[in-house]
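As a plain string of letters, each chain reads:
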Amino acid sequence: QVQLVESGGGLVQPGGSLTLSCAASKTIFSNYAMAWYRQAPGKQRNLVARITTSSSTNYADSVKDRCTISRDNGKNTVSLQMNSLSPEDTAVYYCNAAYGAYNYWGQGTQVTVSS
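Draft legend 1. Representation of the overall build of the protein within the structure. Looking only at helices and strands, the protein features zero helices and eleven strands. The secondary structure elements of the protein, listed N-terminal to C-terminal, are β-β-β-β-β-β-β-β-β-β-β. Against the 2.2 N^0.38 benchmark of 13 Å for 115 residues, the protein shows a C-alpha radius of gyration of 13 Å, consistent with a compact globule. Across its three principal directions, the C-alpha atoms of the protein cover 40 × 25 × 20 Å. Counting every position in the protein, which comprises 115 residues, the buried fraction comes to 40%. Counting contacts in the protein only where the partners sit at least 6 residues apart, residues at least 24 apart contribute 54% of the total. Positive and negative side-chain charges of the protein, numbering 9 and 6 respectively, have mean locations separated by a distance of 7 Å.

Take a look at the structure:
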């Protein structure tokens, strides 16, 4: 069982920046591909960014060039740096850890972009 705890969400003005962090409990964190998803009210949960065990990354088209995902295997953390935020980025952001058949989710952190 992997426990994931997100932090860093909040209210930010349009054009602002925010960094989300996810702390994982599993000691072999480096075996897991990590990802951030988001879910806006009334919409499905969608991938924002993903980082593999070898630190290859991929991003949703909607956030490409505005977001950077990174991981620190020594600290069991994954972060998502988000820039040039717009109201369309408002959602609950979820951390995800995946390894083979195992798939774990955090409880989510709210990001609200509003003036």
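Draft legend 2. Here's a closer look at the nonpolar core. Ranked by size, the top nonpolar core spans 30 residues in total, and within it L4, M34, W36, V78, L80, M82 and Y93 carry the most contacts. Contributions of two or more residues to this core are made by β3 (18-24), β4 (33-39), β5 (46-51), β7 (67-72), β8 (77-82), β9 (91-99) and β11 (109-113). Apart from residues no more than four positions distant in its own chain, L4 is found in contact with C22, A23, A24, M34, C95, N96, A97, Y104, W105, G106 and Q107.

Draft legend 3. Examining the sheet that holds β3 more closely. The four strands lie next to each other as β1-β3-β8-β7, forming an open sheet whose pairing is antiparallel. A single partner strand is all that each edge strand has here, and the edge strands are β1 (4-7) and β7. Averaged over neighbouring strand pairs, the angle between their axes works out to 15 degrees when direction is ignored. The pairing of β7 with β8 spans six bridges and is antiparallel. Bridge pairing in β8 links C67 to M82.

Conventions adopted
- Residues numbered from 1 in each chain as written.
- Predicted model: local features only at pLDDT ≥ 70, side-chain atom pairs only at ≥ 80, totals over all residues.
- Heavy atoms only, no water.
- Helix = DSSP H or I, 4+ residues; strand = E, 2+ residues; numbered from the N terminus.
- Rg over C-alpha atoms; globule rule 2.2 N^0.38 Å.
- Buried < 20%, exposed > 50% of the residue type's maximum accessible area, 1.4 Å probe, protein only.
- Contact = heavy atoms within 4.5 Å.
- Lys, Arg positive; Asp, Glu negative; His and termini not counted.
- Charge placed at Lys NZ, Arg CZ, Asp CG, Glu CD.
- Core = buried A, V, L, I, M, F, W, Y, C linked by side-chain atoms within 4.5 Å.
- Pairing = 2+ DSSP bridges.
- Axes fitted to C-alpha atoms, helices over the stretch in contact; angles between N-to-C directions.

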